[in-house]
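# Chain and residue survey
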Amino acid sequence: MTRIPGVRALGVDLGSKRIGIAVSDLSGTIASALTTVHRSKSRRHDHAEIKKLVRDEECELVVVGLPLSLDGSVGPAAQGATKEAEQLATVVGVPVEMYDERFTTVTAEAAMREAGLSGQRQRLIVDKMAAAVMLQAWLDHRRNTWGAS
């Protein structure tokens, strides 16, 4: 059996007010919530913040959440995220991939409710938790499809 090579990836959940950030472990197995970047008036500034995280966390790849419509189609939100991911790719210095993020916020909110976090605490961390859910799904997908033809 061929072993999938590890990858250190940064997960990015683009929001209009906040950008959730998650990071994988060195083996590319487990995603963890990292931080939240609060949107400034400058997308260039926001992307520079993400570039700094890519460098500080020594990431080899950025995975940006793709907000597809519930039926899987590409709507305005997915078009906007794709455009921003393309801009981000010109800044961060590592490859940028997109991955379906449908239900990540719902999944993150459910997990936080189960953990007994207050609504206020949930609002503070939901973006980075959603990024972690999306990145974990990407890592699992990558592991499950590696070498499949």
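Everything that follows concerns the structure shown earlier in this document.
Residues numbered from 1 in each chain as written. Predicted model: local features only at pLDDT ≥ 70, side-chain atom pairs only at ≥ 80, totals over all residues. Heavy atoms only, no water.

### Regarding the pairing of strand β1 (residues 9-14)
- Among the 6 residues that make up β1, 6 are buried, leaving the element largely enclosed by the rest of the structure.
- Side-chain alternation along β1 places A9, G11 and D13 on one buried face and L10, V12 and L14 on a second face that is also buried.
- In this sheet, strand β4 (residues 61-66) lies alongside β1 in parallel orientation, the contact comprising 4 bridges. Within β4, the residue paired with L10 across the bridge is V62.
- Relative to strand β2 (residues 18-24), β1 runs antiparallel, the two sharing 5 bridges. Residue pairing in the sheet places L10 in a bridge with V23 of β2.
- Between β1 and β2, which pair antiparallel in sequence order, lie 3 residues. (Buried < 20%, exposed > 50% of the residue type's maximum accessible area, 1.4 Å probe, protein only. Helix = DSSP H or I, 4+ residues; strand = E, 2+ residues; numbered from the N terminus. Pairing = 2+ DSSP bridges.)

### So, the sheet that holds strand β3 (residues 31-38)
- Spatial ordering of the open sheet is given by β3-β2-β1-β4-β5, a layout of 5 strands whose pairing is mixed. The open sheet terminates on both sides in strands that have one partner only, identified here as β3 and β5 (96-100). Geometrically, the sheet is characterised by an average inter-axis angle of 25° between neighbouring strands, direction not taken into account.
- By the bridge criterion, 7 bridges tie β2 to β3 in an arrangement that is antiparallel. In the strand pairing of β3, V23 is matched with S32.
- On top of the sheet, helix α2 (residues 76-92) reaches β1, β4 and β5; it is set at about 165° to β4, its chief contact. (Axes fitted to C-alpha atoms, helices over the stretch in contact; angles between N-to-C directions. Contact = heavy atoms within 4.5 Å.)

### Here we look at the side chain of D46
- In this structure, D46 sits in helix α1 (residues 43-56).
- A distance of 2.8 Å separates a polar atom in the side chain of D46 from a polar atom in the side chain of S40.
- Those residues in contact with D46 that lie beyond four places of it in its chain are I19, H38, R39 and S40. (Polar contact = N/O pair within 3.5 Å; in protein donor to acceptor, adjacent residues only side chain to side chain.)

Limitation: the analysis is restricted to geometry and does not speak to function.
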